[in-house]
Amino acid sequence: MLINTSIDVNNIIEKLNSLHHELNNRLVGIQNDLSRGRSQDSQEQAQETENDEVLHALAADARNELIEIDNALSRIRNGTYGVCVACGDIINPERLAAYPMAIRCMECTES
Ligand SMILES: [Zn+2]
């Protein structure tokens, strides 16, 4: 099995954890926005509904990212982190530094 030895795992874990923390805070903020009081005015209500849809989409994005982070952490635990799931090649460390949840190498992402 291929292991990506050119990555600083501790640094990646730190990054993933802080991202996790940030996303959790964002989710809490979104939940607060969603649970705020509603206007009596029908036009404002329409605007609020529209805003809520945006918030729900943002919350879904944040949840997906949290899942990706959890997956990345479990790949670190089982030793498969940094290896492309599609071709089994090593993922460029620079790519992982920019996007630590990456599961595919550059070529496989582009194809
Ligand atoms: Zn690949």
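Refer to the structure printed above.
Quick summary incoming for the structure in this document. This is a predicted model, so every value here is computed, not measured.

### What to know about the side chain of E48
For E48, the position within the fold is in helix α2 (residues 42-78). With no salt bridge to any partner, buried E48 finds its closest opposite charge in R38, at an N-O distance of 4.2 Å. Residues contacting E48, with those up to four places away along its chain left out, are R36, G37, R38 and S39.

### Concerning the coordination of the zinc ion
Metal coordination angles have textbook ideals: 109.5 degrees for a tetrahedral set of four donors and 90 or 180 degrees for an octahedral set of six. Around the zinc ion, the donor atoms from the protein are C84 (SG), C87 (SG), C105 (SG) and C108 (SG), and they sit 2.3 Å away. Taken together, the four donor atoms surrounding the zinc ion define angles of 106 to 117° at the centre, an arrangement classified as tetrahedral. Counting gaps between the donor residues of the zinc ion yields the pattern C-x2-C-x17-C-x2-C. Taken together, the positions of C87 in the loop between α2 and α3 (93-98) and C108 in helix α4 (residues 106-110) put the pair 21 residues apart, joining distant regions of the chain.

### Considerations on the pattern of salt bridges
Taken as a whole and assessed by the stated rule, the structure comprises three salt bridges. Note that D52 is salt-bridged to R36, the shortest N-O span being 4.0 Å. In this pair, D52 sits in helix α2 while R36 sits in the loop between α1 (9-34) and α2, placing the two residues 16 residues apart along the sequence. What makes D52 buried here is its relative accessible area of 12%. Among the ionic pairs, R38 bridges to D52, the shortest N-O distance being 2.5 Å. Note that R38 is positioned in the loop between α1 and α2 and D52 in helix α2, a separation of 14 residues in sequence.

### Quick word on the nonpolar core
One finds I12, L16, I69, I76, Y81 and L96 to be the most contacted residues of the largest nonpolar core, which totals 23 residues. Listing elements by their share of this core, those giving two or more residues are α1 and α2. At eight residues, α2 tops the list of elements feeding residues into this core. Every residue in contact with I12, bar those within four places of it in the chain, is listed here: I76, Y81, L96 and P100.

### A closer look at the environment of A46
Within the secondary structure, A46 is located in helix α2. As a C-alpha pair, A46 and A60 span 14 residues in sequence and 21 Å in three-dimensional space.

### A short note on the packing of α1 against α2
Remark: α1 packs on α2, axes separated minimally by 9 Å, with the N-to-C direction vectors making an angle of 155°. Overall, the two elements α1 and α2 adopt an arrangement that is roughly antiparallel. The crossing of α1 and α2 is left-handed.

Thresholds, definitions, all that
- Residues numbered from 1 in each chain as written.
- Predicted model: local features only at pLDDT ≥ 70, side-chain atom pairs only at ≥ 80, totals over all residues.
- Heavy atoms only, no water.
- Helix = DSSP H or I, 4+ residues; strand = E, 2+ residues; numbered from the N terminus.
- Buried < 20%, exposed > 50% of the residue type's maximum accessible area, 1.4 Å probe, protein only.
- Lys, Arg positive; Asp, Glu negative; His and termini not counted.
- Salt bridge = Lys/Arg side-chain N within 4 Å of Asp/Glu carboxyl O.
- Contact = heavy atoms within 4.5 Å.
- Donors = N, O, S within 2.8 Å, 3.2 Å for Na, K, Ca; no water.
- Tetrahedral: all angles 85-135°; square planar, octahedral: opposite > 155°, others 65-115°.
- Core = buried A, V, L, I, M, F, W, Y, C linked by side-chain atoms within 4.5 Å.
- Axes fitted to C-alpha atoms, helices over the stretch in contact; angles between N-to-C directions.
- Parallel < 35°, antiparallel > 145°, perpendicular 65-115°, else oblique.
- Left-handed = near helix turned anticlockwise from the far one by under 90°.

These figures capture arrangement, not role.
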